[in-house]
Structures are given as C-alpha cells and as structure tokens.
Amino acid sequence: MAGQCGPDGKGASSALTRILVADDHAMVRRGLKETLEEELGHVTFGEAQDSQQVLERLMQSNWDLLILDINMKGRSGLDLLGEVRQAWPQLPVLVLSMYPVAEFGVRAVRLGAAGYLNKQSAPEELTAAVRRVLSGGRFISADLGEHLAGALQGPEDQPLHTALSNREFQVLQLLAAGKNQREIADELCINAKTVGTYHTRLLDKMRMKTDAELIRYAIQHQLVE
C-alpha cells in the first residue's frame, strides 16, 4: 500500500490537508468537520461510520490524518488502530472518544495513536491536537501525560484492567454491556471457546470470581457507555 504522508506530515499528492473522520454518529462527524474547517482553512474531509468503511477509504485515497472513534459498530476502534498502524505506518491517527483518558488514552498511545482526546474537550484543544499531529508531532495532554507517567510505575500502582491484553479488555467491555459469550464471539469474529478462554483469564487477572464483579468494576471505571 502506498505511503500516506511525507516526512512533514502533509500529503504529497494534494495542496489540501486531507482528513478522514471516522465516527458512527453523523452529527459528530459534521461537528468535527465544521470546527476544523473553520480553524484550519485549506482542508478536505472524508467520512467513515464503521471499521469496514475506514479500511475502504484508506485503500481508496491518501490521507494526512485519521481521526478515529474507539466505539463504532463492528470491530473495536482499538483493533482497527493496530491494523491501520501496521498497514499505513506513516498515517497519524488521533483517537477521539467519549471514554476517559485515564482508561483508554494510555492503551491507544501504546497501540500507536499520535494522540488521544475525550469528546468533551474544547474545540480549541481539538484544533491544537490536529495541528500538532499534522506537523509530525504527538499530542499528549497534561491528563494523558500524567497517566503515561503512571503507567511506567509498578503494576501494583495501576488499576487492575491495565494488565489486560486488548482482546481481554474488549471481552470485559462486551460482558459489561450485557453480551453473552455467543454474541461476543460474533462481534469479535472468534469462536465461543476462545471467548471462554479470555473470560477465564479475565477473572484471574482481575482477581474476581463472578461476572457480576466484572460488570460492577467496568461500570465504576467507566469502561462502558
């Protein structure tokens, strides 16, 4: 696949900055585009409402930036982030999510995101993040920086869920959202036996005995909507 950006973070094939906005809510996509168009000027946008459309848009055109929501229909945005970083390593990805920075920001950055913003962030912060990432840098807010620093400390200082793999983390989210093992298997495109294995690991790593405890923990830590 062709490279997406030059070394300065700008697309080599177009004078316009090309931004792909991936979110399953049309109003969110519209608001993002309006905010960035007003602030950035020479910019053109593409849209995607699920993970499949993201991959299709990336294969069809070159982009200077992908703004990616974590929670979309189909595959998890975290799964997609990992795949995008492998297939398009020069394409910066800014994760914009409703989930707290404390719970998802470090995980997203570890997967290769150039930055992480909560959807409740001010428009000025969004614009600053996009400018920073387009210039070839990373956008690390004070909040995210604090949690990245905390992640360097020993595991005893971290919430239990930070020890989970990305797949285990997804299973935890789906369990907390009320999905049964068959539904989780269908959503993650794995078999039910594999879900059972992740479930067992979850209980062990989280030091819990029942799904009720897992669900209560996920709700308390805002890991589900």
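The coordinates are above.
Think of each chain on its own: its residues are numbered from 1, step by step along the sequence as written. Predicted model: local features are reported for residues with pLDDT of at least 70 only, side-chain atom pairs are reported and counted for 80 or more only, and whole-chain, interface and lining totals are derived from all residues. Side-chain metrics in this entry use all non-hydrogen atoms of the structure; hydrogen atoms and water are not considered.

Trainee: Would you mind showing me how to read helix α9 (residues 192-205) here?
Mentor: Residues three or four positions apart in an α-helix share a direction because the helix packs 3.6 residues into each turn. For the purposes of this entry, the term helix denotes a DSSP run of H or I that reaches at least four residues, the term strand denotes a run of E that reaches at least two, and both are numbered from the N terminus. In a helix, the anticipated span is given by 1.5 Å times the number of residues less one. Over its 14 residues, α9 extends 20 Å from the first C-alpha to the last, a length consistent with the 20 Å expected when each residue adds 1.5 Å. Pairs of N or O atoms are called polar contacts if they sit within 3.5 Å, as long as, within protein, a hydrogen donor faces a hydrogen acceptor (for residues adjacent in sequence, only side-chain-to-side-chain pairs). At the N-terminal end of α9, a side-chain oxygen is found 3.1 Å from the backbone nitrogen of K193, two or three residues along, and the residue is N191. Immediately downstream of α9, the backbone of R207 shows phi near 60 degrees, a positive value.

Trainee: Hey, could you run me through the sheet that holds strand β1 (residues 17-22) in this one?
Mentor: Two modes of strand pairing occur in sheets, parallel and antiparallel, and in both the strands are linked by backbone hydrogen bonds. DSSP-based pairing: two strands are paired if at least 2 bridges between them are found. Strand order in the open sheet formed by 5 strands is β2-β1-β3-β4-β5, with parallel pairing between adjacent strands. Pairing within the sheet leaves two strands with one partner each, and these edge strands are β2 (43-48) and β5 (115-118). For this sheet, the mean angle separating the axes of adjacent strands, direction not counted, is 20 degrees. Across 6 bridges, the pairing between β1 and β2 is parallel. Looking at β2, one finds that V21 is bridged to E47. Note on geometry: axes are lines fitted to C-alpha atoms, helical ones only across the stretch in contact, with angles between N-to-C directions running from 0 to 180 degrees.

Trainee: Sorry, what's going on with the pairing of β1 here?
Mentor: Within a regular beta strand, the side chains point alternately toward one face of the sheet and then the other, so they alternate between its two faces. A 1.4 Å probe rolled over the protein chains alone gives each residue an accessible area, and that area as a share of the maximum for its type sets the label: buried under 20%, exposed over 50%, partly exposed in between. Within β1, 5 of the 6 residues are buried, leaving the element largely enclosed by the surrounding structure. Here the term right-handed applies to a crossover when the path leading from its first strand over the helix to its second strand runs clockwise, the strands being oriented away from the viewer. For the segment spanning β1, helix α1 (residues 26-40) and β2, crossover handedness is right-handed. Where β1 meets strand β3 (residues 65-68), 4 bridges bridge the pair, whose relative direction is parallel. Each residue of the ladder has a partner; that of I19, found in β3, is L65.

Trainee: What is the right way to read the pattern of salt bridges from this model?
Mentor: Side-chain pairing between opposite charges can occur once the charged atoms of the two side chains come close. Basic side-chain nitrogens of Lys or Arg form a salt bridge, by our definition, when they fall within 4 Å of a carboxyl oxygen of Asp or Glu. Enumeration according to the criterion identifies 10 salt bridges in this entry. Taking the shortest distance from any N to any O, the salt bridge between R30 and E34 comes out at 3.1 Å. Placement of the pair is R30 and E34 together in helix α1, with a separation of 4 residues, close to one helical turn. Looking at E34, the relative accessible area reads 44%, which means it is partly exposed. We note a salt bridge from E187 to K179, for which the minimum N-O separation is 3.8 Å. The exposure class of E187 is partly exposed, given its relative accessible area of 30%.

Trainee: How should I be thinking about the packing of aromatic side chains in this particular structure?
Mentor: The criterion for an aromatic pair is that two Phe, Tyr or Trp rings (for Trp, the six-membered ring) have centres within 6.5 Å, with stacked assigned to planes under 30 degrees apart, edge-to-face to planes over 60 apart and tilted to the rest. For the structure on display, the rule yields 0 aromatic pairs. Over the ring of W63 we find R18; its NZ or CZ atom is 4.5 Å from the centre of that ring. Charge-over-ring placement is defined geometrically: NZ (Lys) or CZ (Arg) within 6 Å of the ring centre, and within 35 degrees of the ring normal. One Lys or Arg, R107, reaches over the ring of F169 and ends 4.2 Å from the middle of that ring.

Trainee: It is not clear to me how helix α10 (residues 211-220) should be interpreted in this structure. Could you clarify?
Mentor: Residues of α10 that are buried include every one of L214, Y217 and A218, and no others. Projected onto a plane normal to the axis of α10, the buried residues spread over an arc of 100 degrees and lie on a single side. More than 90 degrees from the buried face of α10, the exposed residues found are I219 and Q220. Any two residues whose heavy atoms approach within 4.5 Å are treated as being in contact. Here the buried face of α10 lies against α7 (166-176) and α9. Q222, located one to two residues past α10, shows a positive phi value of around 60 degrees. Summarising the geometry, the arc corresponds to the directions from the helix axis toward the C-beta atoms.

Trainee: Please clarify how unusual backbone geometry should be interpreted in this entry.
Mentor: As a rule of thumb, non-glycine residues mostly have phi less than zero, and peptide bonds are mostly trans rather than cis. In this structure, C189 is a non-glycine residue whose phi angle is positive, near 60 degrees. Here C189 shows up in the loop between α8 (181-188) and α9. Using a relative accessible area of 65% as the deciding quantity, one classes C189 as exposed. Of note in the backbone geometry, R207 takes a positive phi value of approximately 60 degrees without being a glycine. In this structure, R207 sits in the loop between α9 and α10. Given the relative accessible area of 69%, R207 is considered exposed.

Trainee: Is there a simple way to explain the side chain of S97 in this structure?
Mentor: Along the chain, S97 turns up in strand β4 (residues 93-97). Given the relative accessible area of 0%, S97 is considered buried. Sequence-distant contacts of S97, that is, excluding residues within four places in its chain, are made with D69, I70, Y116, L117, N118 and K119.

Function-wise, these values are silent; they only describe arrangement.
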